[in-house]
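Examination of the molecular architecture
Spelled out, the chains give:
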Amino acid sequence: MVLEGKMVHPAADAVDHRGSPADKCKTGGWLPASLILGVEFCERLSTMGIVVNLVTYLIGTMHLPSATSANIVTDFMGTCLLLSLLGGFLADSFLGRYRTIAIFESVQTLFKPGHRHVCCINSASTVSSTSLPRTINNNMCTSQCIPNGNIVCISVCITVGTGGLKSSVSGFGTDQFDENDDKEKPEMNLFFGRFFFLVSLGTMMAVTVLVYVQDEVGRCLGYGICTISMLIAILIFLAGSQKYRYKKTSWSTLIHIFQVLVAAVRKRSLQVPKDANLLYEISAESLRIHHSDQFNFLDKTAIITREDYAENNIGSPNPWTLCSITKVEEVKMMIRLLPTWATTITFWATHAQMITFSVEQASTMYRYIGGFQIPAGSLTVFLVAAILISLAVYDLVIIPTLQYRIGKPGFTNLQRIGIGLLLSALGMAAAALAEKRRLANAKEIAQSTATQPISVFLLIPQFLLVGCGEAFIYTGQLDFFITQSPKGMKTMSTALFLTTLSLGFFLSSLLVSVVKKVTGWVGTESTTGGLIAFTVSWLY
């Protein structure tokens with residue numbers, strides 16, 4: 001392609017920062033994708049540096065019950081991830097992924113320093129006023145720390161910022177590769193693995209370096225490092241503005257979905273013709289999605305009737321009564337994502353248990369190596385290490401082996417999800433067995449919450465198995481939701497993927513609350529150990 005006297009190799013459906021067709025030689029590829037990976041690394045370092053050690057802070061410093069502390073953490077994370085739907089909607093319909101990342105990343109950075117106060121106040125309001133003294137003592141924070149109006153503002157801004165950022169980062173990274181280019185498409189597949197590798201690496205630094213700083217030096221310094229990492233992320237992201245490839249936004253993908261559903265209901269009495277060529281279609285040949293026989297009820301949307309044009313004087317059909325078959329097929333594609341979406345929610349409830357109750361398990365066990373005491377929150381390093389090792393083995397061993405033997409570049413996305421679910425089930429079995437042994441030891445010494453003479457390394461198998469499972473599930477889900485969704489809805493599909501994490505956290509909170517009531521109702525002592533044992537056994 002020749003543009004203004006220069007030879008240009010345009011990327012499909014992409015423009016550069018000036019709005020001109022994106023030249024493959026000057027935009028996209030691994031350089032800008034690496035900058036986007038750097039953004040995700042800093043964001044993960046910042047978020048997990050706060051969240052992973054929060055449950056021990058709420059229990060040890062705030063003196064909240066274990067179930068309440070776990071639910072505060074999981075509810076906060078669930079809300080952040082649920083709001084990714086808002087970010088996905090804005091990115092696909094109005095702002096584009098670049099502006100969405102820049103805006104929400106700035107919001108998250110601006111209000112990050114208030115995170116600790118928010119969690120303290122929220123926890124204080126969760127329990128009755130008689131549960132906590134309304135004074136500040138030994139670094140305790142209560143409802144008098146900051147005004148309630150500021151609490152609401154900071155809470156909303158942090159959750160919105162996190163949700164808006166996470167919905168767009170992975171999609172914007174894949175935008176840097178042309179899926180229609182045989183050379184660049186394999187690079188897009190590699191991006192998913194490297195994206196999660198950087199996510200896990202940021203988490204590992206958070207659960208080792210930042211957790212140690214918070215426990216041994218001070219939480220203020222630890223949270224300050226989190227804020228600085230987000231500032232660095234903004235600078236890294238903006239540095240690549242001229243090298244990025246940008247996708248044009250399409251007008252409100254959600255409205256298109258609603259139009260198809262409404263039109264199908266309006267025409268529910270019509271009979272779908274056997275010849276699909278009789279259905280309405282105006283999309284360009286290169287953009288068309290061929291008709292499928294699944295969900296035939298929606299095909300009624302594309303049946304042409306006189307009434308479709310009656311309400312419009314300019315001759316074009318009413319989009320709320322007649323939609324092209326391509327729009328119908330896009331909605332069908334989104335519906336096909338839902339079964340896979342639903343099957344992975346329980347796994348993320350398992351993940352929530354790993355970063356809350358498993359950390360609390362560790363806090364009651366012997367954690368010394370020589371004279372050094374391992375912070376309880378740092379036990380999740382085994383979860384992250386398992387993820388990193390699994391990703392490395394998959395990229396360096398499994399993919400080349402399968403490519404050589406059967407000619408396929410690794411497992412399919414659904415196969416990876418299945419492997420991850422199996423490994424997570426084994427991890428929960430290991431957690432139940434470990435807790436059974438810990439409870440037996442607690443009964444022998446007649447104390448269930450004090451430090452017990454049983455090694456914390458008993459918990460390693462559950463962290464390793466769930467970590468390996470997460471490596472397969474996360475990359476498989478991300479690949480599935482991005483590649484199997486319509487082009488104009490990729491950010492929304494990423495947000496849909498993130499809602500599985502959100503609902504998993506909420507499921508964990510619900511499960512903990514139900515188990516606590518059940519164990520109390522049958523007269524069982526509501527100890528930390530009993531709650532953990534029932535919870536992990538149910539998940540298994």
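Residues numbered from 1 in each chain as written. Predicted model: local features only at pLDDT ≥ 70, side-chain atom pairs only at ≥ 80, totals over all residues. Heavy atoms only, no water.

1. Focus on the overall build of the protein chain
Each helix and strand counted, the protein chain has 18 helices and eight strands in total. Each of the 540 residues in the protein chain was classed as buried or not, and the buried ones make up 55%. Accessible surface, the protein chain: about 23800 Å² in total, of which carbon and sulfur atoms supply 63%. (Helix = DSSP H or I, 4+ residues; strand = E, 2+ residues; numbered from the N terminus. Buried < 20%, exposed > 50% of the residue type's maximum accessible area, 1.4 Å probe, protein only. Areas by Shrake-Rupley, 256 points an atom, 1.4 Å probe, with all protein chains shown as cover.)

2. Quick word on a nonpolar patch on the surface
Together, Phe 258, Leu 261, Val 262 and Trp 320 give the surface a local cluster of nonpolar side chains, amounting to about 330 Å² of exposed area. If you trace the backbone, Val 262 turns up in helix α9 (residues 253-266). (Patch = residues over 30% accessible without salt bridge, like charges linked within 9 Å, V, L, I, M, F, W, Y side chains within 5 Å. Salt bridge = Lys/Arg side-chain N within 4 Å of Asp/Glu carboxyl O.)

3. Regarding the side chain of Lys 267
Along the chain, Lys 267 falls in the loop between α9 and α10 (307-310). Not counting chain neighbours up to four residues away, the residues in contact with Lys 267 comprise Lys 300, Thr 301, Ile 303, Thr 305, Asp 308, Thr 321 and Leu 322. (Contact = heavy atoms within 4.5 Å.)

4. Comments concerning the packing of helix α12 (residues 345-355) against helix α16 (residues 460-483)
Taken N-terminus to C-terminus, the directions of α12 and α16 make an angle of 140°; their axes are 11 Å apart at the nearest point. Our classification of the angle between α12 and α16 gives oblique. Like other packed secondary-structure pairs, α12 and α16 cross with a definite hand, here left-handed. Mapping the contact onto sequence places Phe 347, Trp 348, Thr 350, His 351 and Met 354 in α12 and Gln 462, Phe 463, Val 466, Gly 469, Glu 470, Ile 473, Tyr 474 and Gln 477 in α16. Of the residues in the contact of α12 with α16, the class split is seven nonpolar, five polar and one charged. (Axes fitted to C-alpha atoms, helices over the stretch in contact; angles between N-to-C directions. Parallel < 35°, antiparallel > 145°, perpendicular 65-115°, else oblique. Left-handed = near helix turned anticlockwise from the far one by under 90°. Nonpolar A, V, L, I, M, F, W, Y, C, P; charged D, E, K, R; others polar.)

5. With respect to the environment of Thr 74
Among the structural elements, Thr 74 can be located in helix α3 (residues 66-82). Residues Thr 74 and Ser 502 lie 428 residues apart in sequence; the distance between their C-alpha atoms is 8.6 Å. Every residue in contact with Thr 74, bar those within four places of it in the chain, is listed here: Ala 352, Thr 356, Phe 505, Ser 508 and Ser 509.

6. Here's the deal with the packing of aromatic side chains
Inspection of the entire model under this criterion finds 23 aromatic pairs. Between Tyr 98 and Tyr 244, the aromatic rings sit 6.0 Å apart at their centres with planes inclined by 55°, giving tilted as the arrangement. Of the two residues, Tyr 98 is situated in helix α4 (residues 84-111) and Tyr 244 in the loop between α8 (219-239) and α9; the sequence distance between them amounts to 146 residues. A relative accessible area of 19% places Tyr 98 in the buried class. Ring plane angle 65° and centroid distance 5.0 Å describe the contact between Phe 172 and Tyr 244, whose orientation is recorded as edge-to-face. Residue Phe 172 is found in helix α6 (residues 148-174), and its partner Tyr 244 is found in the loop between α8 and α9; the two are separated by 72 residues along the sequence. Through pairs of rings, three or more aromatic residues link up here, namely Phe 196, Phe 347, Trp 348, Tyr 474, Phe 480, Phe 481 and Phe 497. Against the face of Trp 30 rests Arg 194, its NZ or CZ located 4.5 Å from the ring centre. (Phe/Tyr/Trp six-rings, centres within 6.5 Å; stacked < 30°, edge-to-face > 60°. Lys NZ or Arg CZ within 6 Å of the ring centre and 35° of its normal.)

7. A few points about the confidence of the model for the protein chain
Looking at the protein chain as a whole, its pLDDT mean stands at 77, while 82% of the residues score no less than 70. The low-confidence segment residues 114-152, where pLDDT is below 50, has 61 contacts with residues more than four positions distant or belonging to other chains. With pLDDT under 50 throughout, residues 521-527 is counted as low confidence; its partners more than four residues away or in other chains account for three contacts. (pLDDT = per-residue confidence, 0-100.)

8. What to know about the UniProt feature "transmembrane region" (unreviewed entry) in the protein chain
This chain's UniProt record puts "transmembrane region" (unreviewed entry) on residues 76-95, 195-214, 220-240, 379-402, 414-434, 454-474 and 495-515. As annotated, residues 220-240 comprises 95% helix and 0% strand, and the C-alpha atoms at either end are separated by 32 Å. The distance separating the terminal C-alpha atoms of residues 495-515 is 30 Å; by composition the span is 100% helix and 0% strand. (UniProt positions renumbered as here; feature names shortened; annotations may be inferred.)

9. Here we look at the nonpolar core
Core analysis: the biggest nonpolar cluster contains 91 residues, and Leu 58, Phe 172, Phe 195 and Phe 237 have the highest contact counts within it. Looking at this core element by element, the count peaks at nine residues for α16. If sequence neighbours within four positions are ignored, Phe 237 has contacts with Val 39, Tyr 98, Ile 101, Ala 102, Glu 105, Phe 172 and Tyr 244. Counting residues in each nonpolar core, the second largest holds 14 residues, with Met 48, Val 211, Tyr 223 and Cys 226 among its members. (Core = buried A, V, L, I, M, F, W, Y, C linked by side-chain atoms within 4.5 Å.)

10. Some remarks on the packing of helix α7 (residues 185-216) against helix α14 (residues 381-405)
How two helices sit against one another is set out by the angle between their axes and by the gap between those axes. Put simply, α7 and α14 touch, their axes get as near as 9 Å, and they point 155° apart. Here α7 is positioned roughly antiparallel relative to α14, judged by the angle of their axes. The hand of the α7/α14 crossing is left-handed. Along the contact surface, α7 presents Gly 193, Phe 196, Phe 197, Ser 200, Leu 201, Thr 203, Met 204, Val 207 and Thr 208, while α14 presents Val 381, Val 384, Ala 385, Ile 387, Leu 388 and Leu 391. Of the residues contributing to the contact of α7 with α14, the split by class is 11 nonpolar, four polar and no charged.

11. With respect to the pattern of salt bridges
Taken as a whole and judged by the stated rule, the model has six salt bridges. Between Asp 178 and Lys 24 there is a salt bridge; the shortest N-O distance is 3.3 Å. Here Asp 178 is found in the loop between α6 and α7, whereas its partner Lys 24 is found in the loop between β4 (21-23) and α1 (30-51), with 154 residues between them in sequence. For Asp 175, the salt bridge goes to Arg 97, with nearest N and O atoms at 2.5 Å. One end of the pair, Asp 175, is in the loop between α6 and α7; the other, Arg 97, is in helix α4, with 78 residues separating them in the sequence. Exposure remark for Arg 97: the relative accessible area of 8% places this residue in the buried category. Sharing partners across several salt bridges, the network here consists of Asp 299, Glu 329 and Lys 332.

12. What about α1?
With 22 residues, α1 should cover 32 Å at 1.5 Å per step; its first-to-last C-alpha distance of 31 Å lies within 8% of that length. With respect to burial, α1 is a largely interior element, 18 of its 22 residues being buried. (Expected span 1.5 Å × (residues − 1).)

13. Details of the pairing of strand β3 (residues 10-15)
Sheet topology note: the β3/β4 ladder contains two bridges and is antiparallel. What sits directly across from Val 15, in β4, is Pro 21. What sits between the antiparallel neighbours β3 and β4 is a turn of five residues, in which Gly 19 has the positive phi angle 90°. (Pairing = 2+ DSSP bridges.)

14. Points about the pairing of strand β8 (residues 452-455)
Residues Gln 452 and Ile 454 point to one face of β8 and are all buried, whereas Pro 453 and Ser 455, pointing to the other face, are not buried. As paired strands, strand β5 (residues 365-366) and β8 are joined by two bridges and run parallel to one another. Residue pairing across strands places Met 365 opposite Gln 452, the latter belonging to β8.

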